[in-house]
Number of protein chains: 2
Amino acid sequence: MEKRATIKDVAEAAGVGVATVSRVLSGGSASPRTRERVLAVAAQLDYRPSALGRNLRQRRTGGMGLLVPDLTDTFHAQLAEGVLACARSAGEPVLIGSTAGDPEQEAELIGMLLEQSVDRLIAVPTGDEDTWAPALRAGMTVVFADRLPARPSPEDDDPAAVAVNDLRVLDGLSPARPAPVRALDVPSVVADDRAGIRTAVRYLRGLGHKRIAFLGGPGHDRRAAAFGEAVGPPVDEDLVVFGTGSRDSAYAAASGLFQSRPDLSAVVAAGNVLGEAAVLAARELDLRVPRDVSLVMYDDVPWAELCAPPLTVIAQPGRDMGYRAAELVLRSGPRRPRSVVLPTELIIRGSCGPRR
Amino acid sequence: MEKRATIKDVAEAAGVGVATVSRVLSGGSASPRTRERVLAVAAQLDYRPSALGRNLRQRRTGGMGLLVPDLTDTFHAQLAEGVLACARSAGEPVLIGSTAGDPEQEAELIGMLLEQSVDRLIAVPTGDEDTWAPALRAGMTVVFADRLPARPSPEDDDPAAVAVNDLRVLDGLSPARPAPVRALDVPSVVADDRAGIRTAVRYLRGLGHKRIAFLGGPGHDRRAAAFGEAVGPPVDEDLVVFGTGSRDSAYAAASGLFQSRPDLSAVVAAGNVLGEAAVLAARELDLRVPRDVSLVMYDDVPWAELCAPPLTVIAQPGRDMGYRAAELVLRSGPRRPRSVVLPTELIIRGSCGPRR
DNA sequence: AATCATGATGGAATCGTTTCCATGGAGAAG
DNA sequence: CTTCTCCATGGAAACGATTCCATCATGATT
């Protein structure tokens with residue numbers, strides 16, 4: 001275990017000041033002669049600047065944070081791979097956290113990133129805008145991917161709560177009541193959910209399906225809204241069900257849906273975990289796909305093709321989304337685009353058939 | 001964007017010295033009276049110690065690194081979830097990197113972690129022992145998961161290379177020739193590959209299969225060896241093929257295997273990506289599973305059950321492996337166990353049948 | 001030849017924390 | 001009453017980089 005050379009060692013060995021070494025290494029101005037000698041000495045000593053000193057001085061940790069609900073959801077894994085690919089090519093480290101779809105854990109992880117002074121963050125958000133307010137207020141550059149945070153629950157505008165806040169302000173110890181931070185102002189990279197869902201619904205309609213169900217999870221509000229829009233009013237609310245994020249709850253939701261509404265003939269699953277659950281639940285209930293029920297799943301994952309039958313999917317470019325999000329968060333210029341919307345594609349395989 | 005309170009602010013507001021604040025917050029000795037006041041003030045100022053200062057002072061970044069070949073490999077995603085779960089409950093950050101099965105990228109990521117002064121690392125290694133020497137020599141606490149690095153290629157013991165090294169030592173600028181670092185001394189968490197493979201081979205033998213092939217990827221040497229042992233000599237070398245890690249190469253390897261050896265009747269795939277490739281290749285070649293060819297796949301992944309037919313698998317506890325590895329790397333006591341071997345389980349579904 | 005502009009250079013401050021060490025006071029033991 | 005011990009406490013020195021600023025040399029301009 002050998003200890004690493006510091007900038008001081010390099011400076012001494014090269015007979016120059018530390019400031020000069022720093023300038024040479026970070027591309028500042030220096031005479032060719034000095035530059036050459038410093039570089040030579042640095043190479044000989046195998047000097048690598050410590051991120052620790054730099055971070056402290058600049059009061060920020062380089063790299064970026066990445067928060068996803070669950071890596072075993074293949075789509076999130078694809079997205080993460082995209083982020084990692086971009087970060088790798090930029091030489092930036094990535095701090096990752098998995099929120100398990102729980103706003104509380106998400107808030108904790110945000111706190112941890114704040115403590116680490118990570119000021120760039122890519123997130124597939126789970127909590128609502130209130131969960132994200134601390135991060136934004138702290139000046140983090142946030143990019144949302146795949147989804148946007150929901151609007152906060154109204155209880156926080158409760159007059160009583162305001163009163164409490166005001167009292168604490170008068171106390172002089174608590175920070176002033178924060179200005180509301182709109183997550184809407186945060187750039188994002190999402191798929192064109194409206195078009196994706198609309199295409200899927202039209203496709204199913206074209207096959208003769210009338211009673212189409214929607215199976216969603218946390219964060220799929222946009223897709224649910226798009227679904228409602230696509231099927232058009234009146235929306236049969238019983239045909240729109242949600243799981244809470246775990247595989248178990250997805251299965252329960254799918255199974256409950258099939259049992260409570262035997263009249264449905266097609267299902268749109270808003271994510272691959274939900275699609276998986278739908279296939280399992282249908283099989284358990286002896287519903288055959290696509291004879292008894294047609295299925296369209298969000299996310300094109302490698303195993304969709306291996307399924308029996310191969311699943312018709314709404315593909316969204318997970319890896320690209322991650323890569324683009326990482327690019328956005330790295331080049332956080334002022335003329336940053338508000339949000340990037342990537343196209344989806346309906347890939348027809350074998351899980352949809354005509355209405356029986 | 002409000003700036004965070006520092007320890008100095010807390011000290012001033014509480015009327016004590018910074019040393020006292022630090023002690024109170026990190027559990028040192030202090031009078032109850034002072035402790036109470038410091039805690040109260042810290043809470044009121046919403047003070048959170050910056051990891052930056054602490055890291056620099058302690059010359060180490062907290063948390064741990066995690067290096068996996070590919071997150072879209074569901075097994076690695078499970079493993080990563082295990083690591084994240086343990087890290088979360090310990091409140092430690094995780095720096096993640098994906099190596100794409102490329103030793104060079106792995107070496108780069110190790111360098112990046114070194115630069116960040118991350119001194120704890122969990123890795124599903126891709127490169128050989130030489131790739132890992134720098135990390136170990138720098139004093140990193142490394143835990144390997146799922147696999148161990150291969151022995152280095154012999155060219156590095158080339159006398160010429162030694163001579164060059166010696167010259168550089170005489171030069172007085174290069175570090176002394178490093179003592180060889182055996183990856184064998186590094187703790188690890190792996191599945192009981194020998195038992196897993198043996199069970200699978202015996203099962204296939206029991207179904208009457210004689211010509212059993214092995215389909216592996218990078219890092220599957222142990223499994224390949226276990227396979228050779230299980231089928232017993234003489235091993236038909238043509239029945240043992242390897243892909244390079246990507247899905248394309250896995251598909252090519254599987255397809256090539258089926259085409260070059262139409263006489264084989266069963267395949268053991270050493271990982272889920274390879275199993276996926278085997279299913280696709282078989283389908284493309286109109287080989288039916290399990291009628292024409294039986295398949296056992298390493299890794300129990302959620303989609304194995306959705307496959308047509310559902311895949312018989314050698315299950316290994318990916319999430320547990322990650323969790324245990326994280327525990328090991330965090331409690332790096334001297335009486336750390338050398339290595340943890342977790343059991344595998346053969347889960348029989350529908351992808352194996354009697355020899356046709 | 002004197003003055004000015006330019007650019008290279010190094011010393012020192014700084015970032016926020018932990019930790020070493022000296023100091024002071026209180027209580028115990030003599 | 002004295003001395004000794006122990007503990008709480010705060011000042012200051014690290015940690016390793018970046019960056020401000022003053023200095024100095026060189027070459028150009030008047």
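Heads up: these notes are all about the structure in this document. Residue indices follow the written sequence of each chain, beginning from 1 at its first position. Here chains are named by letter from A upward and ligands by number from 1 upward, in the order in which they appear as written. Predicted model: local features are reported for residues with pLDDT of at least 70 only, side-chain atom pairs are reported and counted for 80 or more only, and whole-chain, interface and lining totals are derived from all residues. Excluding hydrogens and water, the side-chain values take into account all heavy atoms of the structure.

**Quick look at helix α6 (residues 103-115) of chain B**
Thinking step 1. The first and last C-alpha atoms of α6(B) sit 18 Å apart over 13 residues, in line with the 18 Å expected at 1.5 Å per residue.
Thinking step 2. Residue burial is assigned from relative accessible area. The probe radius is 1.4 Å, only protein chains are included, and a residue is buried under 20% of its type maximum, exposed over 50%, and partly exposed in between. Each helix is a run of H or I in the DSSP string that is no shorter than four residues. Each strand is a run of E no shorter than two, and both are numbered from the N terminus. What α6(B) keeps buried is the set Gln105(B), Glu106(B), Leu109(B), Ile110(B), Gly111(B), Met112(B), Leu113(B), Leu114(B) and Glu115(B).
Thinking step 3. On its buried face, α6(B) sits against α4 (51-58) and α5 (74-90) of chain A together with β1 (64-68), β2 (94-98), β3 (120-123) and α7 (129-137) of chain B.
Thinking step 4. N or O atoms within 3.5 Å of each other form a polar contact, as long as, within protein, one can give a hydrogen and the other can take it, and as long as residues adjacent in sequence are counted only when both atoms are side-chain atoms. Of the residues that open α6(B), the one with a side-chain oxygen 3.0 Å from the backbone nitrogen of Glu104(B) is Asp102(B).
Thinking step 5. Downstream of α6(B) by one or two residues, Ser117(B) has phi in the positive range, about 60°. Every helix has an expected span of 1.5 Å times one less than the residues it contains. Two residues form a contact once any of their heavy atoms are found within 4.5 Å.

**A look at the packing of helix α1 (residues 7-14) of chain A against helix α3 (residues 32-44) of chain A**
Residues and elements named next belong to chain A.
Thinking step 1. Each axis is a line fitted through C-alpha atoms, and for a helix only the stretch in contact is used; angles between axes span 0 to 180 degrees, taken between their N-to-C directions. For the pair α1 and α3, interaxial distance at closest approach is 9 Å and the crossing angle is 125°. Classed by the angle they form, the pair α1 and α3 counts as oblique. For the pair α1 and α3, the crossing hand works out as right-handed. Across the interface between the two elements, Val10, Ala13 and Ala14 from α1 touch Arg37, Val38, Val41 and Ala42 from α3.
Thinking step 2. Residues are grouped as follows: Ala, Val, Leu, Ile, Met, Phe, Trp, Tyr, Cys and Pro are nonpolar; Asp, Glu, Lys and Arg are charged; every other residue, Gly included, is polar. For the contact of α1 with α3, the class distribution of residues is six nonpolar, no polar and one charged. Oblique is the label for every angle not falling under 35 degrees (roughly parallel), over 145 degrees (roughly antiparallel), or within 65 to 115 degrees (roughly perpendicular). Handedness of each helix crossing follows the sense of rotation of the near helix against the far helix: counterclockwise by less than a right angle gives left-handed, clockwise gives right-handed.

**Regarding the pattern of salt bridges**
All names here are of chain A.
Thinking step 1. We define a salt bridge as a side-chain nitrogen of Lys or Arg found within 4 Å of a carboxyl oxygen belonging to Asp or Glu. The final tally for this structure, using the stated rule, is 34 salt bridges over all chains.
Thinking step 2. In this structure, Asp146 engages Arg147 in a salt bridge whose closest nitrogen and oxygen atoms are separated by 3.6 Å. Pair check on accessibility: Asp146 and Arg147 agree, each one buried.
Thinking step 3. For the salt bridge of Arg211 with Asp263, the shortest nitrogen-to-oxygen distance reads 3.0 Å. Pair noted here: Arg211 is in the loop between α9 (193-206) and β6 (212-216) and Asp263 is in the loop between α11 (247-260) and β8 (266-269), with a separation of 52 residues, a long-range link.
Thinking step 4. Asp263 gets classed as partly exposed once you look at its relative accessible area, which sits at 34%.
Thinking step 5. Ionic contacts of the salt-bridge type, sharing partners, join the residues Asp146, Arg147, Asp193, Arg222 and Arg223 into one network.

**Remarks on the protein's contact with DNA strand C**
Thinking step 1. Throughout, near means a residue has at least one heavy atom within 4 Å of the molecule or strand. Around DNA strand C, a shell composed of 26 residues is seen, among which Thr20(A), Thr34(A), Ile7(B), Tyr47(B) and Arg57(B) lie nearest.
Thinking step 2. The sugar-phosphate portion of DNA strand C accounts for 63% of its atoms within 4 Å of the protein, the bases making up the rest.
Thinking step 3. Residue Arg23(A) places a side-chain N or O atom 3.0 Å away from a base nitrogen belonging to DNA strand C.
Thinking step 4. Contact distances for DNA strand C include 2.3 Å between a base oxygen and a side-chain N or O atom of Arg57(B).
Thinking step 5. Among the residues forming the surface near DNA strand C, the class breakdown is nine nonpolar, eleven polar and six charged.

**Thoughts on the relation of the copies chain A and chain B**
Thinking step 1. Copy-to-copy alignment: least squares on C-alpha atoms, limited to residues at pLDDT 70 or above in both. In screw terms, the move from chain A to chain B is a rotation of 180° and a rise of 0.0 Å along the axis, fitting with an RMSD of 0.0 Å. The superposition operator between the copies reduces to a two-fold rotation axis.
Thinking step 2. Of all interface residues in chain A, 98% are interface residues in chain B too; the two copies therefore contact each other through one and the same surface.

**Topic: α5(A)**
Residue and element names in this part refer to chain A.
Thinking step 1. Its 17 residues give α5 an end-to-end C-alpha distance of 24 Å, which sits within 8% of 24 Å, the value for a rise of 1.5 Å per residue.
Thinking step 2. Here α5 lies mainly inside the structure; 14 of its 17 residues are buried.
Thinking step 3. Where α5 begins, the capping side chain belongs to Asp73, and its oxygen is found 2.9 Å from the backbone nitrogen of Phe75.
Thinking step 4. Just downstream of α5, Gly91 is the residue with a positive phi angle, here 70°.

**A short note on the interface of chain A and chain B**
Thinking step 1. At the interface, 59 residues of chain A touch 59 residues of chain B.
Thinking step 2. Using a 1.4 Å probe, buried area is obtained as the accessible area two parts lose upon being combined, added over both of them. Of the roughly 5,300 Å² buried between chain A and chain B on both sides combined, carbon and sulfur atoms contribute 61%.
Thinking step 3. Counting across the chain A and chain B interface gives two salt bridges.
Thinking step 4. Two residues, Arg48(A) and Glu115(B), come together in a salt bridge whose shortest N-O distance is 2.8 Å.
Thinking step 5. Counting across the interface, chain A meets chain B through 22 residue pairs in polar contact (both at pLDDT 80 or more).
Thinking step 6. DSSP bridges decide pairing: two strands pair if at least two such bridges lie between them. The sheet contact formed by strand β2 (residues 94-98) of chain A and β2(B) spans three bridges and is antiparallel. Across the sheet, residue Ile96(A) finds its bridge partner in β2(B), namely Val94(B).

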